[in-house]
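Report on the structure
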Amino acid sequence: MHLTPEPIDLAPLLAGVRPSDGGVCVFLGVVRDNHAGRETRSIEYQAYGSMAESEMEKIARALEREWPDSLVAIRHRVGLLAVGEASVAVVASAPHRAEAFAACRAAIDRIKATVPIWKKEFHPDGSSEWVDPTRGDSSTAR
Amino acid sequence: MTIRLLYFATFRDVAGRDGEDRRVAPGTPVSALWRELVAEMPGLARTGSMPPAAVNCEYTGPDTVLADGDEVAFLPPVAGG
């Protein structure tokens, strides 16, 4: 399972690393305290659960084919997260670091592009809105 | 025939529900279902074009013809990560 309502635990993701791996690249996406010039208190992540699972599985397996000998593990959190909490974790391992970095970077980019997960930002004044990365706000593209 | 329609994020807010069982005519393509929904709920149409759609958890195109029992979702811009 790639989706979890619990805080992300890296240990099971790192447990897959093999004796033949010489590089392990870990990416954590964490909740930031601001977005588009506004202060953020918390973020609610909502997923189309069954489809998000299959999309993340497809991404991991595709990357392992593209970088032979790599191993990609993904976790994405759902529910209400406070600033500083990890929303997503990618662990990519490979015999050498170049493949580990490349697979890890590609994984998070593809997750953001295709996995059906949405986030609603809550502000200190009690207002909230769904984030729309297509709305041309450059800060969401980074 | 009947399909299961799911709503997420902004579309869920507009529809006021998570999903519904919906009767559609045999031969209905995804694009026609979207037009029906927009006619009922103009708030769904943020932009002029149809959003990405999924049938049975797979991204699909507007011309895909729906089958009885399909699970269908139109997806607002995704924002995971």
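This write-up is about the structure you can find in this document. (Residues numbered from 1 in each chain as written. Chains lettered and ligands numbered in written order. Predicted model: local features only at pLDDT ≥ 70, side-chain atom pairs only at ≥ 80, totals over all residues.)

Comments concerning the overall build of chain B
Put simply, the rule reads: Here a strand is any run of E in DSSP of at least two residues, a helix any run of H or I of at least four, and the numbering for each starts at the N terminus. With the radius of gyration taken over C-alpha atoms, the globule rule is written as 2.2 Å times the number of residues to the power 0.38. Between the buried cut of 20 or more and the exposed cut of 12 or fewer other C-beta atoms within 10 Å of a residue's own C-beta lies the partly exposed class, and all C-beta atoms are placed from the backbone. Placing a C-beta atom from the backbone of each residue, one calls two residues in contact when those atoms lie within 7 Å.
Per the secondary structure count, chain B includes two helices and five strands. Scaling as 2.2 N^0.38, a compact globule of 81 residues should have a C-alpha radius of gyration of about 12 Å, and chain B matches this with 12 Å. Its C-alpha atoms give chain B principal-axis dimensions of about 35 × 25 × 25 Å. In chain B, which comprises 81 residues, the share counted as buried stands at 25%. At a minimum sequence separation of 6, the contacts of chain B that also span at least 24 residues come to 51%.

As for the nonpolar core
Test applied: Each nonpolar core consists of buried Ala, Val, Leu, Ile, Met, Phe, Trp, Tyr and Cys residues. Their C-beta atoms, within 7 Å, join them into a set.
In terms of nonpolar packing, the biggest core is built from 50 residues, with Val72, Ile74, Val90, Ala92 and Ala107 of chain A together with Phe8 of chain B touching the most fellow members. Those residues in contact with Ala107 of chain A that lie beyond four places of it in its chain are Ile59, Leu63, Val72, Ile74, Val90 and Ala92 of chain A.

Some words on the sheet that holds strand S3 (residues 53-55) of chain B
Residues and elements named next belong to chain B. Rule in force here: The pairing criterion for strands is at least two bridges between them, as found by DSSP. To get an axis, fit a line to the C-alpha atoms, keeping to the stretch in contact for a helix; angles then go from 0 to 180 degrees between the N-to-C directions.
Spatially, the five strands line up as an open sheet ordered S2-S1-S5-S3-S4, and their pairing is mixed. The sheet is open, and its two edges are formed by strand S2 (19-23) and strand S4 (58-60), each paired on a single side. With strand direction ignored, the average angle separating the axes of adjacent strands in the sheet is 35 degrees. Bridge analysis of S3 against S4 gives three bridges, and the strand direction is antiparallel. Each residue of the ladder has a partner; that of Ala53, found in S4, is Thr60.

Brief notes about the sheet that holds strand S2 (residues 23-30) of chain A
All names here are of chain A. The strand order across the open sheet built from four strands is S1-S6-S8-S2, with neighbouring strands paired in mixed fashion. Since the sheet does not close on itself, it has two edges, and those belong to strand S1 (3-4) and S2, each with one partner. Relative to strand S6 (residues 71-77), S1 runs parallel, the two sharing two bridges. Of the residues in S6, the one forming a bridge with Thr4 is Arg77. Contacting S1 and S6, helix H2 (residues 49-66) runs over the sheet at an angle of about 155 degrees to S6. The strands touched by helix H3 (residues 97-114) within the sheet are S2, S6 and strand S8 (86-94), with S8 carrying the most contacts at an inclination of about 150 degrees.

What to know about the pairing of S8 of chain A
Successive residues of a regular strand alternate their side chains across the two faces of the sheet. Residue and element names in this part refer to chain A. With eight of nine residues buried, S8 is to be regarded as a mostly interior element. Pairing geometry for S2 and S8, over eight bridges, is antiparallel. The partner of Val26 across the bridge, within S8, is Val91. With six bridges connecting them, S6 and S8 associate as antiparallel partners. If you follow Leu71 over to S8, its bridge partner there is Ser93.

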